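# A structural walkthrough
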Amino acid sequence: MDQSHIRNFSIIAHIDHGKSTLADRILELTHAVSSRDMREQVLDSMELERERGITIKAQAVRVEWKGHQLNLIDTPGHVDFTYEVSRSLQACEGALLVVDAAQGTQAQTLANAYLAIENNLEIAPVVNKIDLPQADPDGAAAELADLIGDSPDHVLRISAKTGQGVEEVLDAVVERIPPPGGDLEAPTRALIFDSSYDEYRGVVAFVRVVDGRFERRQVLRAMALGTRFEAQELGFFSPNRRETPTLEAGEVGYVITGLKDVSRLRVGDTLTTEARPAAAPLPGYKDVKPMVFAGLFPTDSDDYPELRDALEKLKLNDAALFYEPETSKALGFGFRCGFLGLLHMEIVRERLEREFDLDLLVTAPNVAYRVKPPHGDWREVHTPSDMPNEVEEVEEPYIKASIIVPKEFVGAVMELNNDRRGRFDHLEYLSEERVHLMYELPLAEIVLDYYDQLKSRTRGYASFDYDVIGFRPGTLVRVDVLVGGEPVDALSLIIHRDVAYDRGRALVERLRQEIPRQMFDVALQAAIGSRVIARETVKAKRKDVLAKCYGGDITRKRKLLERQKAGKRRMKQVGMVEVPQEAFLAVLNLNEDRK
Amino acid sequence: MSGPRHLYVHLPFCSSRCGYCDFVTAVGRPDEHARYVEALLEELKLERDLLAPELETVFLGGGTPTFTEPAALERLLDALPPAAELTVEANPETVTPELAALLRRAGVNRVSLGAQSFQPELLAVLDRVAQPDTIRRAFYHLRDAGFGNISLDLIYGIPGQSPSDLEADLGEALTLGPEHLSCYELEAKPGTRFTHAHGAELARQAEAMESYFELVVDRLTDAGYRWYETANFCRVPEAVGGRDLRARHNLAYWLGRDYLGVGVGAVSTIENRRWRNTPRLRAYLDALSRRQRPERELEVLSDAVRREERVMLGLRLDEPLVLGPVAAAVDDVALERMESLGLASVSRLAGPATISLTRRGRLLGGGVTAEILA
């Protein structure tokens, strides 16, 4: 199709502000789907995504509106996938910025709006849910207009739920968003903005063709990674898959590659043709690196092969997931996994438990550290127990945190951020009532419970988003935990020297509550190097008998004993000490004590 | 195989039900006692061929066997096969001089008296009918009737009980000078009325019981009793002219011997079969009135399970457990670990290898056994 009749756009919104409902309504209005057989929220395909109200993997849907081809490119909705969001936005010329009329601008709205502005997108502001009784469309419109430097009159007011104003939205897409301006005669360049994996067809790349055209059976090349393959099939979704012989400049669609390894085709890379390659790739490709790490161990060590197979399968659909085998003295064989962030970790863990029916023990997450041992070279450490005893310098990842709260909670947020080694950056009023705070924080300070704390201290009003901004030096030490004199690798943690004492003490105290009394005294120690900084003792049991046992009791008592024995099997053996699995989560719960 | 030499007879009747009790019991029903005894004898007749020609022990348990109508009780005792040890369980309030004489006449040579406590308020918590004086009187009635082997049951960990209450109970019991003592911690079954009523206090007692158990063992062994089983004590032979006063019937259980149990809810274990008679009195009576075996729940015991039980039971005793026949049920590495912790010792010096638990090992017997079992 002539590029002047093509519009490529995304919907960006905070969770629950109505992105999926608006997408559904658009599909309905353009007759892509009849309302009768429409499943709610067509774009979110995975069960988990629907439950959480978020979209992990983008897809693109092509619809017709008044003689125009509209490509709606869905974006992932969460902080951990910022890079993927930015690639999706790069595939568009414009975006609908949707805000809930009752809730107004949220941290994610801001983050994504800035991303859209950075990508030079034309933004069409939309206030949704105007039908709600508590809606304040004027207030929300004023905030939105202010944010993007537009007039409040220009803000569309709709109810995606009832369909009110949605036609005007489609008209605005055609009128306000510019058509693509690629060069149809230039060597082909297409941006990969998402990919997924099909068991039979291999990797499926979602692309936006910028220049030139693709044809079926052409040999293509991914410019950054150098991967070559034949385009087995081209097409688009509407919302069902439709094959086409070509994809041209300005269009959005999919390429079936036949590749069996997702890591060979990364989001952000540029596809060109092998026969007439482009001189330079499209800008912006980044190799996304995991920043949050945790050990995943099967509760039953016999399940190790199942866990390995499950991770392999997940990895097919999730190029950002990193894993390598890890052996813990306390927990046995498992994997050290790297994630983009906390939500990513949560999603992977839930999918492993739900889709693969695995019972997992997940150790406390930690961030990636860069360390320089004396006389050695810088290297990255993903496990606290790998941190060398002697280090010359340590660096930890920092984030820029963006927090929006009603003004009465500013003090509470500042206090929390100060506790978490935050550095205040700036503050601005979004409206008379709502304040936007920017902080720089060590990522390590938010991986455990930051979000929960933020929510509880602001009665749920705060919204939060962050972006990793790089590594910075830190005064960090490794605290080891010894149980009965044996170091427990899975309990080591890396923390700021100033809080090492308090955390060490809290940790052994918590462990004392978690480790059941044994047949002997068990010493619990926290140590930095060889220096013990805290100590507790689990006192030996003095009595452990089944009271009476006569002819009629024998079977029952035997079963009690068998249960006692089975209970022991679920414990992890540290030296002579039996440690319940829950104890390994003690590190996670430490902050409950820290007010 | 000559068949079991140990017979258990269950008499379920009680004057009232004690809140903590989870045995098969039936309150009152004096009109049914005679019929029940006939049923018992009918069952015994059906199973007589299973038993050895000569019995070593017979044990009448309950319920309250001595609450059974005297005529019915006498009829039962007269009809039972003779045995070297014939024990009857008794509740203090049922023990009159007449009853003591009846038992004696019928050949009973051991009585197990359910004292439980000597503190009136603790007896009330347990729903016991007897008062402290009732217990003492019952004891002397038995002595006067010529019983030279009396056992007292005590319970500790009763809601409201303090360490000094327990000391006092032990003191009172020792004053009577019984040949044998059984001391149990109160087992409150989850979901029972009793547990519901005393929840918080039971949790407190559970902690206190750690030291209570040691206190019981110390006090009784100091007083010249042999701690021969986890919860059982008897006077040392030297003090009683060489008599072995261990409960021979119960010892049979702990040594893993076969036994036949008759009566409602009674359990039998013979070779690789264990069965439990229906706990429903009506069903039991009906079946036997038709001269049929009562409904039974059968459990088939593998050799491995019987070995496991031999270890579980054997380690409750102070006598060393001979390792050979149960070796397959024992985890050698764990056993060594228990030795290194000073909880068990293995003797290989003379004769067959044996395992015994140290004093601390016996206090932790449940945990140690769970470790040792392979």
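Calculation rules
Residues numbered from 1 in each chain as written. Chains lettered and ligands numbered in written order. Predicted model: local features only at pLDDT ≥ 70, side-chain atom pairs only at ≥ 80, totals over all residues. Helix = DSSP H or I, 4+ residues; strand = E, 2+ residues; numbered from the N terminus. Buried ≥ 20, exposed ≤ 12 C-beta atoms within 10 Å, placed from the backbone. Contact = placed C-beta atoms within 7 Å. Nonpolar A, V, L, I, M, F, W, Y, C, P; charged D, E, K, R; others polar. Pairing = 2+ DSSP bridges. pLDDT = per-residue confidence, 0-100. Axes fitted to C-alpha atoms, helices over the stretch in contact; angles between N-to-C directions. Parallel < 35°, antiparallel > 145°, perpendicular 65-115°, else oblique. Left-handed = near helix turned anticlockwise from the far one by under 90°. Arc of directions from axis to C-beta. Core = buried A, V, L, I, M, F, W, Y, C linked by C-beta atoms within 7 Å. Expected span 1.5 Å × (residues − 1).

### Let's talk about the overall build of chain B
When its secondary structure is counted, chain B shows 13 helices and 17 strands. In chain B, which comprises 374 residues, the share counted as buried stands at 47%. Counting only contacts in chain B whose residues sit at least 6 apart along the sequence, the fraction spanning at least 24 positions is 69%.

### Some thoughts on the overall build of chain A
In terms of helices and strands, chain A carries 13 helices and 34 strands. Relative to its full complement of 595 residues, chain A shows a buried share of 49%. Pairs at least 24 apart in sequence give 69% of the contacts found in chain A among residues at least 6 apart.

### What about the interface of chain A and chain B?
With 23 residues of chain A in contact, the opposing surface of chain B contributes 35 residues. Per-class residue counts for the side of chain A that touches chain B are ten nonpolar, four polar and nine charged.

### Some points on the pairing of strand S24 (residues 393-406) of chain A
Residues and elements named next belong to chain A. Counting buried positions along S24 gives ten out of 14 residues, so the element sits mostly inside the fold. Where S24 and strand S26 (residues 434-442) come together, nine bridges link them in antiparallel fashion. Paired with Ser 402 across the bridge in S26 is Met 438.

### Points about the confidence of the model for chain B
For chain B, per-residue confidence averages 94 on the pLDDT scale, and 100% of positions sit at 70 or higher. In the predicted complex, the global pTM is 0.67; the interface-specific ipTM is 0.91.

### Remarks on the sheet that holds strand S1 (residues 6-13) of chain A
All names here are of chain A. Across the sheet, which stays open at both edges, the six strands sit in the order S2-S3-S1-S4-S5-S6 with mixed pairing between neighbours. Only two strands of the sheet have a single neighbouring strand rather than two, namely strand S2 (60-65) and strand S6 (156-157). Summarising the sheet, S1 and strand S4 (residues 94-100) pair through five bridges and their orientation is parallel. Of the residues in S4, the one forming a bridge with Ile 12 is Leu 97. Of the strands in this sheet, S1, S2, strand S3 (68-73), S4 and strand S5 (122-128) touch helix H1 (residues 19-29), which is tilted by about 150 degrees from S1. Here helix H6 (residues 166-176) sits on the sheet in contact with S1, S2, S3, S4, S5 and S6, set at roughly 170 degrees to S5.

### Some words on the sheet that holds strand S14 (residues 296-300) of chain B
All names here are of chain B. Taken in spatial order, the three strands line up as S12-S13-S14 in an open sheet, and their pairing is antiparallel. The open sheet is flanked by strand S12 (267-270) and S14, the only strands paired with a single partner. Averaged over neighbouring strand pairs, the angle between their axes works out to 15 degrees when direction is ignored.

### Details of the packing of helix H1 (residues 30-47) of chain B against helix H9 (residues 281-289) of chain B
All names here are of chain B. Where H1 meets H9, the closest approach of the two axes is 9 Å, and the angle between their N-to-C directions is 60 degrees. Judged by the angle between their axes, H1 and H9 are oblique. The element H1 and its partner H9 pack so that their crossing is left-handed. When H1 is examined against H9, the residues Arg 35, Tyr 36, Ala 39, Glu 42 and Glu 43 are found in contact with a partner set consisting of Tyr 284, Leu 285, Leu 288 and Ser 289. Here the residues of the contact of H1 with H9 are counted per class, giving five nonpolar, one polar and three charged.

### Re H9(B)
All names here are of chain B. Looking at H9, one finds that the buried residues are Leu 281, Tyr 284 and Leu 288. Along the long axis of H9, the arc covered by the buried residues comes to 65 degrees, so they all point the same way. Away from its buried face by more than 90 degrees, H9 exposes Arg 282 and Ser 289. On its buried face, H9 is in contact with strand S3 (26-27), H1 and strand S13 (273-277).

### A look at the pairing of strand S32 (residues 531-538) of chain A
All names here are of chain A. The sheet contact formed by strand S31 (residues 522-528) and S32 spans seven bridges and is antiparallel. Note that in S32 the partner of Leu 524 across the bridge is Glu 536. Taking the residues between adjacent antiparallel strands as the criterion, S31 and S32 are bridged by two residues, where Gly 529 takes a positive phi near 60 degrees.

### Some thoughts on the nonpolar core
If you look at the biggest cluster of nonpolar residues, it comprises 168 residues, and the most contacted ones within it are A:Ala95 and A:Leu97. Residues contacting A:Ala95, with those up to four places away along its chain left out, are A:Phe9, A:Ser10, A:Ile12, A:Leu89, A:Ala116, A:Leu121 and A:Ile123. Judged by nonpolar contacts, the second largest core, of 113 residues, contains A:Cys549, A:Ile554, B:Ile135 and B:Leu335.

### So, unusual backbone geometry
The linkage connecting B:Gly62 with the following residue, B:Gly63, adopts the cis geometry, with an omega of 20 degrees. On the secondary structure map, B:Gly63 appears in the loop between strand S4 (55-62) and helix H2 (70-79). Here the phi dihedral of A:Lys129 falls at roughly 60 degrees; this positive angle occurs in a residue that is not glycine. Locating A:Lys129 in the fold gives a position in the loop between S5 and helix H5 (137-148). A count of 25 C-beta atoms within 10 Å places A:Lys129 in the buried class.

### Topic: the environment of A:Arg531
Inspection of the secondary structure puts A:Arg531 in strand S32. Spatially, the C-alpha atom of A:Arg531 lies 9.9 Å from that of A:Asp480, the residues being 51 residues apart in sequence.

### Focus: the environment of A:Arg213
Within the element layout of this structure, A:Arg213 appears in strand S9 (residues 213-215). Among residues more than four places away in sequence, those in contact with A:Arg213 are A:Leu184, A:Thr188, A:Thr246, A:Leu247, A:Glu248 and A:Ala249.

### Considerations on the confidence of the model for chain A
Overall, the predicted model of chain A reaches an average pLDDT of 86, with 93% of residues at or above 70. Per-residue pLDDT stays below 50 along residues 52-58 of chain A; that stretch engages in 28 contacts with residues further than four places along the chain or on separate chains.

### Side note on helix H8 (residues 342-355) of chain A
Residue pairs three or four apart in sequence face the same way in an α-helix, which turns once every 3.6 residues. Residue and element names in this part refer to chain A. For H8, which comprises 14 residues, the first-to-last C-alpha distance of 19 Å matches the rise-based estimate of 20 Å (1.5 Å per residue) to within 8%. Buried residues of H8: Leu 342, Leu 343, His 344, Met 345, Ile 347, Val 348, Arg 351 and Leu 352, and no others. One or two positions beyond H8, positive phi appears at Asp 357, with a value near 55 degrees.

### Structural notes on the environment of A:Leu358
Residues and elements named next belong to chain A. Tracing the backbone through its elements, the reader meets Leu 358 in the loop between H8 and strand S20 (360-362). Looking at Leu 358, the number of C-beta atoms within 10 Å reads 20, which means it is buried. When the C-alpha positions of Leu 358 and Asp 300 are compared, they lie 9.2 Å apart, and in sequence the two are 58 residues distant. Not counting residues within four places of it along the chain, the set of residues in contact with Leu 358 comprises Pro 298, Asp 303, Glu 306, Leu 307, Ala 310, Leu 352 and Glu 353.

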